[in-house]
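Remarks on the overall topology
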2 protein chains.
Amino acid sequence: MSKKWGFGADTPAAGVEEILKMLEGRWKLVILFHLFGGQVKRFSELERAIDGISQKMLIQQLRQMEADGIVRRIVYHQVPPKVEYCLTDWGQSLCPALDALLKWADLRPLPAPTGEMADN
Amino acid sequence: MSKKWGFGADTPAAGVEEILKMLEGRWKLVILFHLFGGQVKRFSELERAIDGISQKMLIQQLRQMEADGIVRRIVYHQVPPKVEYCLTDWGQSLCPALDALLKWADLRPLPAPTGEMADN
DNA sequence: CTGGATCCGTGAGGATACTG
DNA sequence: CAGTATCCTCACGGATCCAG
């Protein structure tokens, strides 16, 4: 590769931390993985799909991501209420990152020994 | 694209959530970005570089990631103690994902309008 | 069915002081 | 310099009830 990765002594790290905050929270990433790749899901679908999540948390995290412009909320004015969620365009652009995360999870090599030593 | 992204009704989502937990925590990702691309940093370097973090949190998050096999800890037995941290091989394999995250942060398009409506 | 509101416990995370 | 110990706070997240 031509360009080294880092972000070291020379990098501003500007705004990145702010962005990272959007992905924090117990369920954010999990939800994103369920909306991955342009999927459109109803509230109840997500609730059923995500094991262990409560309504409150689901709502809360969805709303935060909506406010952050990551997910879109579509309300159908019907007698049996219906709300669907999907990623916004920007949210879609997260897919490569999510995909990379998925691939990373698949690697999972040996458990590294802790407490390595070295002499100067 | 030939293969759709998802992870939808057909995907097990196996173990992914467990992996995601490794990246949770207020400072995990921030620290990773500072160890990005094979950088080796001392404890105090990280402490100074990461604005707002406390010693406790820095240690704690570093130790957790060490236990998870993401970062490596190198101790020099000297009178002025010296400890360095860097990514393990597996941790290094996270770089593409971190890089994608960085790129995503750069996009940051228009703020999506909240509360979109639709009729059935 | 969706999802808002409220009460509440737990624990992650912050501040500070101390030790090897 | 690196790490530990202690205390404390706040909001994350769970349960339950209520509303459109």
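A quick note: this is a predicted structure, and the numbers were derived from the prediction, not measured.

A few words now on the packing of aromatic side chains. Scanning the model with the defined rule gives 4 aromatic pairs over all chains in all. Here the aromatic rings of A:Phe33 and A:Phe36 are separated by 5.8 Å at their centres, their planes lie at 70 degrees, and the arrangement is edge-to-face. A centroid spacing of 4.4 Å and a plane angle of 15 degrees characterise the contact between A:Trp104 and B:Trp90, whose relative ring orientation is stacked. Placement of the pair is A:Trp104 in helix 6 (residues 95-107) and B:Trp90 in helix 5 (residues 89-92), with the two residues belonging to separate chains. Under the relative-accessibility criterion, B:Trp90 is labelled buried at 7%. Lying over the aromatic face of A:Trp27, A:Arg26 brings its terminal NZ or CZ to 4.2 Å of the ring centre. Positioned above the aromatic ring of B:Tyr76 is the side chain of B:Lys82, whose terminal nitrogen or guanidinium carbon lies 4.6 Å from the ring centre.

Right, let's talk about the nonpolar core for a bit. Membership of the largest hydrophobic core comes to 72 residues, with the highest contact counts inside it found for A:Leu32, A:Leu58, A:Ile70, B:Leu32 and B:Ile70. If we ignore the near neighbours within four places in the chain, the residues touching A:Leu32 are A:Leu23, A:Met65, A:Ile70, A:Leu87, A:Leu94 and A:Leu98.

All names here are of chain A. Of the residues in chain A, 78% reach a pLDDT of 70 or more, and the chain-wide mean stands at 82. Ignoring residues within four places in sequence, the model shows residues 8-12, a span with pLDDT below 50, making 3 contacts including any to other chains. The low-confidence segment residues 112-117, where pLDDT is below 50, has 11 contacts with residues more than four positions distant or belonging to other chains.

The next point concerns the protein's contact with DNA strand D. Taken together, 18 residues form the shell around DNA strand D, and within it A:Arg26, A:Lys56, A:Pro81, B:Ser44 and B:Arg73 come nearest. Among the atoms of DNA strand D close to the protein, meaning within 4 Å, 57% are from sugar or phosphate groups. B:Arg63 has a polar side-chain atom sitting 3.5 Å from a phosphate oxygen of DNA strand D. In the model, a phosphate oxygen of DNA strand D is placed 2.9 Å from a nitrogen or oxygen of the B:Tyr85 side chain. For the surface near DNA strand D, the secondary structure elements donating two or more residues are helix 4 (55-67) of chain A together with helix 3 (43-49), helix 4 (55-67) and strand 3 (82-87) of chain B. Counting residues per element, the surface near DNA strand D draws most heavily on helix 4 of chain B, which supplies 4 residues. The class makeup of the residues in the surface near DNA strand D is 8 nonpolar, 4 polar and 6 charged.

To continue, consider the pairing of strand 3 of chain B. Within a regular beta strand, the side chains point alternately toward one face of the sheet and then the other, so they alternate between its two faces. Residues and elements named next belong to chain B. Among the 6 residues of strand 3, 6 are classified as buried, and the element is accordingly described as predominantly covered. Both faces of strand 3 are covered, namely the face carrying Lys-82, Glu-84 and Cys-86 and the face carrying Val-83, Tyr-85 and Leu-87. Note that strand 1 (residues 41-42) and strand 3 share 2 bridges and pair antiparallel. Residue pairing across strands places Lys-41 opposite Tyr-85, the latter belonging to strand 3. Hairpin connection between strand 2 (residues 71-76) and strand 3: a loop of 5 residues separates the two successive antiparallel strands.

Contacts to DNA strand C come from 20 residues, most closely from A:Ser44, A:Arg63, A:Arg73, A:Val83 and B:Lys56. Restricting the count to atoms of DNA strand C within 4 Å of the protein gives a sugar and phosphate share of 57%. At 3.0 Å, a side-chain N or O of A:Ser44 approaches a phosphate oxygen of DNA strand C. Between DNA strand C and B:Gln61, the relevant distance is 3.4 Å, taken from a phosphate oxygen to a side-chain nitrogen or oxygen of the residue. The set of elements that each furnish at least two residues to the surface near DNA strand C consists of helix 3 (43-49), helix 4 and strand 3 (82-87) of chain A together with helix 4 of chain B. When grouped by side-chain class, the residues that make up the surface near DNA strand C number 8 nonpolar, 6 polar and 6 charged.

Below, the discussion takes up the side chain of B:Gln61. All names here are of chain B. Structurally, Gln-61 can be placed in helix 4. Here the side chain of Gln-61 touches Trp-27 through a polar contact of 3.3 Å, landing on its backbone nitrogen. Not counting chain neighbours up to four residues away, the residues in contact with Gln-61 comprise Glu-24, Gly-25, Arg-26, Trp-27, Lys-28 and Ile-31.

Conventions used here
Residues numbered from 1 in each chain as written. Chains lettered and ligands numbered in written order. Predicted model: local features only at pLDDT ≥ 70, side-chain atom pairs only at ≥ 80, totals over all residues. Heavy atoms only, no water. Phe/Tyr/Trp six-rings, centres within 6.5 Å; stacked < 30°, edge-to-face > 60°. Helix = DSSP H or I, 4+ residues; strand = E, 2+ residues; numbered from the N terminus. Buried < 20%, exposed > 50% of the residue type's maximum accessible area, 1.4 Å probe, protein only. Lys NZ or Arg CZ within 6 Å of the ring centre and 35° of its normal. Core = buried A, V, L, I, M, F, W, Y, C linked by side-chain atoms within 4.5 Å. Contact = heavy atoms within 4.5 Å. pLDDT = per-residue confidence, 0-100. Near = heavy atom within 4 Å. Polar contact = N/O pair within 3.5 Å; in protein donor to acceptor, adjacent residues only side chain to side chain. Nonpolar A, V, L, I, M, F, W, Y, C, P; charged D, E, K, R; others polar. Pairing = 2+ DSSP bridges.

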